[in-house]
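Each chain is listed here by its residues.
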Amino acid sequence: MDNFFIIDYFDWQPQRRSVVDRFVNRCLRKAGIPMQLASAAAFDALINRLRSRSGVASEPLAAIFSGSMTNVEQRMNMFHLIDQVLAYGVLGDVVELGCYQGRSAALFGRVMMGHKPQRKLHLYDSFAGLPGGDISDGNVFKAGGLCTSEEVVRANFRRYGLPEPVIHKGWFNETLPDALPERIAFAHLDGDFYESIKVSLEHVYPRLSCGAICLLDDYNDPAVNPGGWNLLPGVKKACDEFFLDKPEHVVPIYSGGYSHAFFRKF
Ligand SMILES: C[S@@+](CC[C@H](N)C(=O)[O-])C[C@H]1O[C@@H](n2cnc3c(N)ncnc32)[C@H](O)[C@@H]1O
C-alpha cells in the first residue's frame, strides 16, 4: 500500500502557520484578542533572509508545521510501525488510548484495511477532555482541554470509508480494566499526562503479544533530542518509572518538531 495519504488524507486541520505566527498568536491569546495570524511561511522567509544578510550563522527557521495533532514525520513513523506488526502477523488487535477526534486512529484504520485478516481497532477516550494533571505535566494543557465527542470520531471514519472502530468512552482507569482486547499487536498511547500514561502502560503492557509495538506520543528524552518538543514531561516520567523493572527499552524516534518514542514487547 502506498502511504501518500498521510500528508493530506488525515490532515484535517493542516496548520499553515509559521514560527512567527505561533509567537504572535500566543501574544494575541494572552492579551485576550480573538484573532489568529496565519501568514504561513512568509514571515519566516523574511526573517531567514534578514539573518543571512546580517551574517548571523544559525539554522533557518522551520517554516511550517505540517499538522496539528501529529506532523508528517510522526505519521511516517506510525505508518511503518503499525504496518510491520500487521505484515509479520503479530497476534492481536490495535488499540489507541487517547483518540480525540480520531485523526491518528484513522491512519491506523487505513493501514489495517490493507492487511488480512482484519483486526479490530479499539479507541479509548473520556470524550470529556483531559483529566486534571500531575505536577510533572506542566501547565500548558488544562483539565477539560481537547474535549470532543464519539460522533466526531465516527463521522471522520465515515468520511474516509473506514470500518467503524470500537469506541470505549470513559476515563482510562474505569474502561481499561475490562474493555481491552485480550491480545494487542499495536498500541498508541496518547493520553498526554503522567497518570494517563501510567494507567495505560499498566493495563496495555501485559496484553501486548511478543513482537507487538507500543508507540508513546509526546515522549521526549532531552539527552537524545535536546531541542525536542518537551511540553508534556509527565509522559517520559511515567514510562521511565514503569520500565525500571522491565526488560524492554523505550526508543525515541525522530519526529521533526514533535516528539514520540516506542518499545517492542519481548
Ligand atoms: C492529544 S489527544 C489524542 C490525539 C489523537 N491521538 C490524535 O493524534 O489525533 C489526548 C486525548 O486523550 C484523552 N485522555 C487523556 N487522559 C485520559 C484519561 N485518563 N482517560 C480518558 N481519556 C483521556 C483526552 O480526552 C484527549 O482526547
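These notes cover the structure that comes with them. It should be emphasised that the depicted structure is a prediction, and the values quoted were computed from it without experimental measurement. (Residues numbered from 1 in each chain as written. Predicted model: local features only at pLDDT ≥ 70, side-chain atom pairs only at ≥ 80, totals over all residues.)

Bringing the overall build of the protein into the picture now. Along the backbone of the protein there are nine helices and seven strands. When the 266 residues of the protein are sorted by exposure, 36% land in the buried category. Considering only contacts in the protein between residues 6 or more positions apart, those separated by 24 or more positions represent 71%. (Helix = DSSP H or I, 4+ residues; strand = E, 2+ residues; numbered from the N terminus. Buried ≥ 20, exposed ≤ 12 C-beta atoms within 10 Å, placed from the backbone. Contact = placed C-beta atoms within 7 Å.)

Below, the discussion takes up the nonpolar core. Ranked by internal contacts, the top residues of the largest apolar core, which has 54 residues, are Ile 82, Phe 186, Val 204, Ala 212, Cys 214 and Leu 216. With residues up to four places along the chain from it excluded, the contact list for Val 204 reads Val 95, Leu 180, Ile 184, Ala 187, Leu 189 and Cys 214. (Core = buried A, V, L, I, M, F, W, Y, C linked by C-beta atoms within 7 Å.)

Here we have seven strands laid out as an open sheet, ordered S3-S2-S1-S4-S5-S7-S6, and mixed in their pairing. In the strand order of this sheet, the two ends are held by strand S3 (166-169) and strand S6 (251-253), each with one partner. In this sheet, neighbouring strand axes are inclined to one another by 20° on average, regardless of whether the strands run parallel or antiparallel. Summarising the sheet, strand S5 (residues 208-217) and strand S7 (residues 260-264) pair through five bridges and their orientation is antiparallel. By the bridge assignment for S7, Leu 215 is matched with Phe 262. (Pairing = 2+ DSSP bridges. Axes fitted to C-alpha atoms, helices over the stretch in contact; angles between N-to-C directions.)

Attention shifts here to the site of the ligand. The immediate surroundings of the ligand are formed by 20 residues, with Gly 98, Arg 103, Ser 104, Ser 126 and Ser 196 found nearest. Of the residues that constitute the shell around the ligand, the class distribution is nine nonpolar, seven polar and four charged. (Near = placed C-beta within 6 Å. Nonpolar A, V, L, I, M, F, W, Y, C, P; charged D, E, K, R; others polar.)

The next thing to look at is the packing of helix H4 (residues 72-87) against helix H5 (residues 103-113). For the pair H4 and H5, interaxial distance at closest approach is 10 Å and the crossing angle is 40°. The pairing of H4 with H5 is recorded here as oblique in orientation. In the packing of H4 onto H5, the handedness of the crossing is right-handed. Facing Arg 75, Met 78, Phe 79, Ile 82, Asp 83 and Leu 86 of H4, the residues of H5 in contact are Ser 104, Leu 107, Phe 108, Val 111 and Met 112. (Parallel < 35°, antiparallel > 145°, perpendicular 65-115°, else oblique. Left-handed = near helix turned anticlockwise from the far one by under 90°.)

What follows is about unusual backbone geometry. Outside of glycine, negative phi angles account for most residues, and trans bonds account for most peptide bonds. Following Lys 116, the chain continues to Pro 117 via a peptide bond in cis, the omega torsion being -5°. With a phi angle near 70°, Asp 192 is a residue other than glycine that sits in the positive phi range. One can find Asp 192 in the loop between strand S4 (184-189) and helix H8 (194-204). The backbone of Asp 218 sits at a positive phi, close to 70°, despite the residue not being glycine. Tracing the sequence through the fold places Asp 218 in the loop between S5 and helix H9 (233-242).

So, about H5. Counting buried residues along H5, nine of its 11 residues qualify, which places the element largely inside the surrounding structure. Looking at the buried side of H5, the elements it contacts are helix H1 (5-8), H4, strand S1 (93-97), strand S2 (121-125), helix H6 (150-159) and S4.

With that settled, consider H4. The first and last C-alpha atoms of H4 sit 22 Å apart over 16 residues, in line with the 22 Å expected at 1.5 Å per residue. Every buried residue belonging to H4 is among Gln 74, Arg 75, Met 78, Leu 81, Ile 82, Val 85 and Leu 86, and all of these are buried. Buried residues of H4 fall within an arc of 135° about the axis and therefore sit on the same side. In this fold, the buried residues of H4 make contact with H1, S1, H5, S4, S5 and S7. In the segment just after H4, Gly 89 is the residue with positive phi, at about 70°. (Expected span 1.5 Å × (residues − 1). Arc of directions from axis to C-beta.)

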